[in-house]
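In case you want the letters, here they are:
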Amino acid sequence: MRITVIGTGYLGVTHAACMAELGFEVMGLDVDVEKVAALADGRVPFYEPGLQELMREQIAAGRLSFTTDYAELAAWAGDGAVHFVSVGTPQKKGEYAADMTYVDAAFESIARAIAHQGRSLVVGKSTVPVGTAARIADRLAELAPNAEVAWNPEFLREGYAVQDTLHPDRLVIGVRSEQAEADLRHLYARLLAEKVPLVVTDFPTAELVKVSANSFLAVKISFINAMAEVCEAAGADVMQLSQALSYDPRIGGRFLVPGLGFGGGCLPKDIRAFMARAGELGVDQALAFLKEVDAINMRRRARTVDLAREQCDGSLLGKRVAVWGAAFKPESDDIRDSPALNVAASIHLQGAQVTVYDPKATDNARKMFPTLSYADSALEAADQADVILHLTEWKEFRELDPAAVGGLVRSTRIIDGRNALDAAAWRAAGWTYRALGRP
Ligand code: UGA
């Protein structure tokens, strides 16, 4: 059984390399010629811990290759192959709904390429509006009658992508035949042998598991951030509140860290696309709460800007602001909908001179926000700053010595947008330490 993976973003590259690690021969495809050239050369065009090494190993072992050509891919894979589709579903411009252009084009292209082959399985991994798999199955039945569709959503987190793919919490497969289930059980045999739970279900349930999981995570984050708003008004401490909640096993402490809120290429656009789809299905009321979840999340960004202005004595005009962090979360260089950069850009627009430092995402940030200044280290960014904003919780920021940083700045004022620094240590070194949701 040969495997192909169409679309080589975070998800596709990781999936391809991990399937090769599981012992299969894998070919990845992307329409981006430069990306494919880099991948074929063993270079991963983004930062993901452990992925580059895994890729190189698998390429060297002859199990992993890449192409831009669907005909080559189909001929290589032959009959009985499993083709995964893992292209992106970004938010449509000016709308909540997902842009399905890439998904539709990928399925259309693979269907045409395998039209005259024997049996094969085409498995969707992209996050899609419920109903997509059924629609695509109808189209495939016309174009490639020997091919069958299955849906296998992906739950990996950026920063832990390899680990999450090789040791997932669960596998979910939406299938319409025993053969499709058998193919996927064979493919994931090693994981199933390790007792990874498997849910075998229909198409719409498989599609909904994915978006409801991300919605639930967004709800948890916005819940604690709403509590942070109340804590700010009541003079309470949201970190202690969160800690106390976390001891209740029904609530749990994960994704209950208050701060600047969620960003990235998934949570924000997924909850919006889910609301849009619910509207089409006539159940928009069921998901009306997600609008509030989104609003709470966006208010944290505005509140952080306000806090920075307060710390600069009421005006950001002409102030020097250091921003630590640009990625949407640590262990990633992904800046899609990054709360940190959103705050940095807003502060810049209010007349401050903003200097950003991120351990991995500086190059990406510079491309998207060329008018911000960039530093090569956290200390360089802090030089002569009127206030420091800690906005992405990289470990290296927690390891900085507050006294040493204090010797560089104009004013010892720091805002911890992620509630991750040691407040007591910063205060002991003479800093005015402020964090969201705490006195
Ligand atoms: C998320 C999900 O966690 C994955 O399960 C899913 O597969 C993925 O989306 C996807 O749909 O592809 P990811 O976007 O990599 O993964 O990032 P998360 O770790 O979920 O973090 C999302 C955002 O929430 C980050 O900006 C993070 O800083 C923020 N966050 C997280 C908080 O603000 N507070 C928390 O307590 C936890």
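Residues numbered from 1 in each chain as written. Predicted model: local features only at pLDDT ≥ 70, side-chain atom pairs only at ≥ 80, totals over all residues. Heavy atoms only, no water.

### What to know about helix 6 (residues 132-143)
Alright, step 1. Taking 1.5 Å per residue, 12 residues should reach 16 Å; helix 6 reaches 16 Å between its end C-alpha atoms and fits that length.
Alright, step 2. Of the positions making up helix 6, those classed as buried are Thr132, Ala133, Ile136, Ala137, Leu140 and Leu143. Projected down its long axis, helix 6 carries its buried residues within an arc of 130°, all on one side. Seen from the open side of helix 6, the exposed residues pointing more than 90 degrees away from its buried face are Asp138, Ala141 and Glu142.
Alright, step 3. Where helix 6 is buried, its residues touch helix 5 (101-113), strand 5 (120-124), strand 6 (147-151) and helix 10 (203-234). (Helix = DSSP H or I, 4+ residues; strand = E, 2+ residues; numbered from the N terminus. Expected span 1.5 Å × (residues − 1). Buried < 20%, exposed > 50% of the residue type's maximum accessible area, 1.4 Å probe, protein only. Arc of directions from axis to C-beta. Contact = heavy atoms within 4.5 Å.)

### Re the site of the ligand
Alright, step 1. In the neighbourhood of the ligand, 21 residues make up the surrounding shell, with Phe155, Leu156, Glu158, Lys210 and Asn214 lying closest.
Alright, step 2. Here an oxygen atom of the ligand and a backbone polar atom of glycine 263 are 3.1 Å apart.
Alright, step 3. At 3.2 Å, a side-chain N or O of arginine 418 approaches an oxygen atom of the ligand.
Alright, step 4. Computed on the free molecule, the ligand has an accessible area of 710 Å², of which 89% lies beneath the protein chains in the complex. (Near = heavy atom within 4 Å. Polar contact = N/O pair within 3.5 Å; in protein donor to acceptor, adjacent residues only side chain to side chain. Areas by Shrake-Rupley, 256 points an atom, 1.4 Å probe, with all protein chains shown as cover.)

### As for the domain arrangement of the protein chain
Alright, step 1. As assigned here, the protein chain comprises domain 1 (3-201) and domain 2 (216-435).
Alright, step 2. The distance between the C-alpha centroids of domain 1 and domain 2 comes to 33 Å.
Alright, step 3. Facing the 17 residues of domain 1 at the interface are 20 residues of domain 2.
Alright, step 4. Between domain 1 and domain 2 lies a buried interface of about 1500 Å² when both sides are counted; carbon and sulfur atoms form 53% of it.
Alright, step 5. A per-residue breakdown of the area domain 1 buries against domain 2 is headed by Tyr47, Tyr96 and Glu158, which together make up 46% of the total.
Alright, step 6. Taken together, the connections running from domain 1 to domain 2 amount to one salt bridge.
Alright, step 7. The closest approach of N and O atoms between glutamate 158 and arginine 336, which form a salt bridge, is 3.2 Å.
Alright, step 8. If you look at where domain 1 meets domain 2, you find 10 residue pairs in polar contact (both at pLDDT 80 or more).
Alright, step 9. Across the side of domain 1 that touches domain 2, the residue classes break down as 10 nonpolar, five polar and two charged. (Domains from an automatic or database assignment. Buried area = accessible area lost by both parts, 1.4 Å probe. Salt bridge = Lys/Arg side-chain N within 4 Å of Asp/Glu carboxyl O. Nonpolar A, V, L, I, M, F, W, Y, C, P; charged D, E, K, R; others polar.)

### Remarks on the sheet that holds strand 11 (residues 373-374)
Alright, step 1. One open sheet accounts for six strands, arranged 11-10-9-12-13-14; its pairing is parallel. If you trace the sheet from one side to the other, it starts and ends with strand 11 and strand 14 (432-435), each paired once.
Alright, step 2. Relative to strand 14, strand 13 (residues 413-416) is paired through four bridges, and the arrangement is parallel. Paired with isoleucine 415 across the two strands is arginine 434, which belongs to strand 14.
Alright, step 3. In the packing of helix 13 (residues 288-311) onto the sheet, contacts are made with strand 12 (387-390), strand 13 and strand 14, and the angle to strand 14 comes to roughly 160°.
Alright, step 4. Helix 14 (residues 339-349) rests against strand 9 (320-324), strand 10 (353-357) and strand 12 of the sheet, and its axis sits at about 160° to strand 10. (Pairing = 2+ DSSP bridges. Axes fitted to C-alpha atoms, helices over the stretch in contact; angles between N-to-C directions.)

### Observations regarding helix 8 (residues 178-187)
Alright, step 1. Residues of helix 8 that are buried: Ala180, Asp183, Leu184 and Leu187. Summarising the axial view, the buried residues of helix 8 lie within an arc of 90°, below the 170-degree limit, and thus occupy one face.

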